[in-house]
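# Structural description and commentary
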Amino acid sequence: MDYFAQQLINGLVLGSIYGLIAIGYTMVYGIVGMINFAHGDIFMIGGFIALISFLILVSFGLTFVPVILLIVLLVAMLITALYGWTVERIAYRPLRHSFRLAPMLSAIGMSFVLTNYSQIAQGARVKPVPPIITGGYTLHEGVDGFVVRLSNVQIIVVITTIVLLALFTWLVARTRLGRDMRACEQDQTMASLLGVDVDRTISMTFVIGAALAAVAGMMYLLYYGQVDFFMGFVAGIKAFTAAVLGGIGSLPGAMLGGLLIGLIETLWSAYFSVEYKDVAAFSILIVVLIFMPTGLLGRPEVEKV
Amino acid sequence: MAGVSASARGSSAASPAPGAAFIFKKALISALVALVLFSLMIGVRTEAGSDGQLTYMTRFGDLAAMVATVFGGSIVVELLRQWWGPVGTIRIVPPSVQSGLALARRGIAPVLLVFTFLVPVIFYNERYILDLGILVLTYVMLGWGLNVVVGLAGLLDLGYVAFYAVGAYSYALLATNFGFSFWICLPLAGILAAFCGVLLGFPVLRLRGDYLAIVTLAFGEIIRLVIINWQSLTGGPNGVTGIPRPSFFGIPLTPGDDGLAARLGIEFSTTHRIVFLFYLILALALLTNWVTIRLRRLPIGRAWEALREDEVACRALGINTTTTKLTAFATGAMFGGLAGAFFATRQGFISPESFTFHESALVLAIVVLGGMGSQLGVALAALVMIGGFELFRGLEQFRMLVFGLAMVLLMIWRPRGLIGHRAPTVFLHHSQAISSDLVKEGHG
């Protein structure tokens, strides 16, 4: 039971990270109707920028951890958001009225560009960092000596995710930008006729998605203590699975899907086999798409002729 | 929406070209964006020290160079854009040039085919060129196989490498475990791969473009992960070694007494095997091409093209989309499997390393570059891609960067392919006026 509780905690933390990435997929799919294949690599770039800014801050002699974390978070979100904006501007906007496979292929190309770019710029080796946040709480100590622990990193990851999700839900539900987004999601032509700047709204969607991916990248760095140039590919597919599982286009769905994927992956590794954990995640993607293409919280898609 | 954008384009074409100040401002903004983007990623380089501690050093020179490149590049792009004029302008080509181009287009396929047949004769002593030729032909075959799925049936398949892997591993395992010869295993590999294609096809029938792409990608990854982890069968990451070389229909290509060279009474040379492999893959590729061209004229081929153009209309006309998609998947997979078996016998060693997502993307890029559906286009695209990779061998580390950029630019510039594109085989050439007795509104 203790073992299960520990795995539950680990799974929820991992799931929060997936959920943050999944929001980027789900927003873009909802508005533009394309899978932003490069989103996983945006997450990877976010991790790298967090790592580099952290190193610089530490070398400047800053030691007060909360300030470091806040600055790193802001820098990573800002620069990564600009990456998201640039990718949309270069690779997707010119293709908005192209044939149906074009944005997907362009996104695959962009994903290769970003992966290879960070490999050349920062090298192919795994970048380890010493633990930044240490300590934690012992929740329960079993008779056999097994300890259920909740570390401070885990608490920070979960709290950040909850805060960001609340902020983001407010943004979509209450602000002008959120209303524009929902309008574009329903009908771009009509929205533009009613004075919504469609291009700007789509850009902002990519910017917000990239900023959240940067937070996920930073959380990944804090939690696992390392980044590498190839981590975006698998994490991206898993987050996409989460978005599909939750119902693509739905924000709470993306978070729910992320938590479920995180839990399934952790429990699968704990009770079955670590080697096949990715196979399990990918199989879930296939099974969900076949039997439940609208996901848990998604709307059924209407086919227009 | 299309109308709106077209009119916007028209008005921008009518207005005078923007001046130097505009170009300068645009370049400055690009440079600023580049400065922020590259500031940490290029301006700072992290390196793990000997004690495992991560250190960093600054590279402001590189950063400045990159930003300057973006600034200059932006000006050049803007000038080029003005010189070229707005996208979508119809350029008038003189009729004499047009007819010349048409003639060249008709002539290029036979000339290329004859040249390919003569390659082993001309370059008999150039081992490097022969090897490169075999590699190019392998990708031509893969491209033609994927063309059935993507180009003809319009189903975006990102996991084509899975079938390539299935073909390669079926030959490798059957040959090393049971001692089957290449010529028995070749059809078996094709059948097994086709079976995998059907296996994948069944669940994905209901999915549309993007979802289909992601599921095929996941399928490709699953196959690769299973190969890596099922160590008792596949040898895991170590791969399968000692895969037998192919024989000339039972006669081995060895220096021994029963070898082909001894029987023909000529001196043995290792080049014989290379030449044999060259003609083998050429024959396989031509078989793929021939089958595809024949299938295209059959009802099933027509159904594939109809499916590509409009799935809903296709269903409304009573075409069974289930069987149509399944046959497309199975046919494409079979050719992938055959190419895989050839790959295994040529290499003599296979490992999961050879079957990554990059391989799928490369074959897909060949099909897209070739114009999705054009057989000649795919062959030329394979030549350009693989040849290009060989030419820039020294820049190995920039390979995927250039490849990705090329894919993005291609989609923006010529989304229907660089070399050619395939229009539907059958269509109405001209609309006919029908007597008003037949149609209520007058014209049909």
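Numbering of residues begins from 1 in every chain and follows the order in which that chain's sequence is written. Throughout, the order in which chains and ligands are written sets their labels, letters from A for the former and numbers from 1 for the latter. Note on the predicted model: pLDDT of at least 70 is required for a residue's local features to be given, and 80 or more for side-chain atom pairs to be given and counted; whole-chain, interface and lining totals, by contrast, use all residues.

Okay, the pairing of strand S3 (residues 147–151) of chain A next. Residue and element names in this part refer to chain A. Strand pairing requires that DSSP identify at least two bridges connecting the strands. By definition, any uninterrupted DSSP run of H or I lasting at least four residues is a helix, any uninterrupted run of E lasting at least two residues is a strand, and each is numbered from the N terminus. In the sheet, strand S2 (residues 136–141) pairs with S3 via five bridges, with the strands oriented antiparallel. Among the inter-strand pairings, Glu141 is bridged to a residue of S3, identified as Val147. Linking S2 back to S3 in an antiparallel pair, the connection comprises five residues, with Gly145 at a positive phi of about 90 degrees.

Bringing the interface of chain A and chain B into the picture now. A residue pair is marked as a contact if its C-beta atoms, positioned from the backbone, fall within 7 Å. Between chain A and chain B, the residue contacts involve 56 residues of the former and 47 residues of the latter. For the side of chain A that touches chain B, the elements supplying multiple residues, two or more each, are helix H2 (39–59), helix H3 (65–92), helix H4 (102–122), strand S1 (127–128), helix H9 (231–246) and helix H11 (277–291) of chain A. With 16 residues, H4(A) is the single largest residue contributor to the side of chain A that touches chain B. Residues are grouped as follows: Ala, Val, Leu, Ile, Met, Phe, Trp, Tyr, Cys and Pro are nonpolar; Asp, Glu, Lys and Arg are charged; every other residue, Gly included, is polar. Residue composition of the side of chain A that touches chain B, grouped by class: 39 nonpolar, twelve polar and five charged.

Before going further, it helps to spend a moment on the nonpolar core. Core analysis: the largest hydrophobic core is formed by 208 residues, its most contacted members being A:Ile49 and B:Ile366. With 17 residues, the single largest contributor to this core is helix H8 (residues 198–224) of chain A. When residues no more than four places from it in sequence are discounted, the contact partners of A:Ile49 are A:Val75, A:Ala76, A:Ile79, A:Thr80, A:Ala214, B:Leu40 and B:Met41. Nonpolar cores are identified as sets of buried Ala, Val, Leu, Ile, Met, Phe, Trp, Tyr and Cys residues joined via C-beta atoms within 7 Å. Residue burial is a threshold on neighbouring C-beta atoms within 10 Å of the residue's own C-beta, all placed from the backbone, with 20 or more meaning buried, 12 or fewer meaning exposed, and counts in between meaning partly exposed.

Moving on to the packing of H3(A) against H4(A). Residue and element names in this part refer to chain A. To obtain each axis, a line is fitted to C-alpha atoms, and for helices this fit is confined to the stretch in contact; angles are then taken between N-to-C directions over 0 to 180 degrees. One can describe the packing of H3 onto H4 by two numbers: an axis separation of 10 Å at closest approach and a directional angle of 130 degrees. Of the possible angle classes, the one that applies to H3 and H4 is oblique. Our pair here, H3 against H4, has a crossing hand that is right-handed. Of the residues in H4, those in contact with Val87, Ala91 and Tyr92 of H3 are Pro103, Ser106, Ala107 and Met110. Our angle categories are set so that under 35 degrees counts as roughly parallel, over 145 as roughly antiparallel, 65 to 115 as roughly perpendicular, and the remainder as oblique. Left-handed describes a crossing in which the near helix is turned anticlockwise from the far one by less than a right angle; the clockwise case is right-handed.

Here H2(A) spans 31 Å end to end across 21 residues, near enough to the 30 Å set by a 1.5 Å rise per residue. Directly after H2(A), the chain includes A:Gly61, whose backbone phi takes a positive value near 95 degrees. One fewer than the residue count of a helix, multiplied by 1.5 Å, yields its expected span.

To continue, consider the environment of A:Ile42. Residue and element names in this part refer to chain A. Looking at the secondary structure, you find Ile42 in helix H2. Assessed through the 31 C-beta atoms surrounding it within 10 Å, Ile42 is described here as buried. Remark: the alpha-carbon pair of Ile42 and Phe4, spanning 38 residues in sequence, is separated by 33 Å. In this structure, Ile42 is in contact with Thr80, Tyr83, Gly84, Ala210 and Ala213, ignoring residues within four places of it in sequence.

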